[in-house]
Every structure is written in C-alpha cells, then in structure tokens.
Amino acid sequence: YSSNGLTKISVVDKKKEILLCACKKYLKNQKNGILLVNCHEKEEIKHHFYNTDNFEVYCFCQISIIEKKSVLDTKQDNNSRIDTDYFLVGGYQEKLYKGIIKLYKVNYADNFLDTQIEFKQDIEIEKNNEFKGFHGPISCITQSSYDGKLIVTCWDGNVYLIDPPNIDYFLELDKM
C-alpha cells in the first residue's frame, strides 16, 4: 500500500542488513506475509517468505534502545541509539476486524538462507478513555530518536503516541 511496507533492518551482531517487504493477499492463491531479502552488494539476491496467515502486513519498525547521555541534556542529538534485532510489524487481523502490532526478532545466520524471523508476541495496548483500540489497519510505526516512544498511524484516521514495548526480558534471554 505504501513505502511503509518496505524497511531495511540492520542486524546488530553481524553488521549486515536485510530488507523486509510487506506482502498482502489480493487473490485466492496468494498469501499474506513478510518477504526477507538480503541487501549485500557482493552476494546474489536471496529471499525467504514467511506466511502470516490472516494477518495482513502493512508496516515495520526496527526497535532501538534510546539512551540519554545526561538527564539534564534536552538535545536530541546527544542521545545514543542502539539498534536491536527486534522489530514491530503493524497490520490488520482479518478475522478480528482490527489493527494489530506484533513483535518479531531476526535470527540472522552466516548463510542468508538459514536466516529466520521469529514471532515473539502480540503487543497489547491498554484500553482507556482515550484509546479504545485500532479500528483499521496499522499503516505506519515510527520510533522517536528523542525518547523512544512510538508514533502509530491507523487507517481509522487516528495517530497514537505509545510507549515502546519493554523487550528487556527478550534481550536477557538472548544473552543466555
């Protein structure tokens, strides 16, 4: 639907990049999913397709850890940004008739054909007086480099500012 369905992910430890492409089912024989494409100039182009079944993929956002160098410093330029192997996928769950955000992780291998993406969990956002849920596809997710918060747009016409998911648990598991 838009350029939000394409994003380049920097793989942290391997210093490589992959391209994530959102794929939406239009015809009966097609599938919803995520296409991974290697982005290495010296290698031949290789790709993997991950079927997401009834989840229509619209956008991606790599999760970064934003660390302020000083509590007193309010300049955005002084923050450090640490990319992770985790990324958010925004889209639409057909059977539930609502927009959903999912957390995935890239498990990059030296041989690109062995690279996998792993679904971790659906991101739950607490409903309240101001937020009653996403009533359309999630069309864009962008992370602020100032405080790490997420700006999420939805086809229901709303723009939301939400806290980034706490991935500390997953990062700790990765260290083990």
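Residues numbered from 1 in each chain as written. Predicted model: local features only at pLDDT ≥ 70, side-chain atom pairs only at ≥ 80, totals over all residues. Heavy atoms only, no water.

K.L.:
Looking at this model, I keep getting lost on the overall build of the protein chain. Mind explaining?
P.N.:
Secondary structure assignment for the protein chain yields 1 helix and 11 strands. In the protein chain, the succession of helices and strands from N to C terminus is β-β-β-β-β-β-β-β-β-β-β-α. Taking all contacts inside the protein chain whose residues are at least 6 apart in sequence as the whole, residues at least 24 apart take part in 46%. Accessible area of the protein chain: about 10800 Å², with a carbon and sulfur share of 49%. (Helix = DSSP H or I, 4+ residues; strand = E, 2+ residues; numbered from the N terminus. Contact = heavy atoms within 4.5 Å. Areas by Shrake-Rupley, 256 points an atom, 1.4 Å probe, with all protein chains shown as cover.)

K.L.:
Just to check I follow, could you spell out unusual backbone geometry for this structure?
P.N.:
A negative phi angle is the norm for most residues apart from glycine, just as the trans form is the norm for most peptide bonds. We note that Asp-53 has phi near 55°; this positive angle belongs to a residue other than glycine. Considering the arrangement of structural elements, one finds Asp-53 in strand 4 (residues 47-53). Here Asp-53 falls in the exposed class, since its relative accessible area comes to 54%. We note that Tyr-97 has phi near 55°; this positive angle belongs to a residue other than glycine. Mapped onto the secondary structure, Tyr-97 falls in the loop between strand 6 (80-93) and strand 7 (98-107). By relative accessible area, which is 64% here, Tyr-97 ends up exposed. (Buried < 20%, exposed > 50% of the residue type's maximum accessible area, 1.4 Å probe, protein only.)

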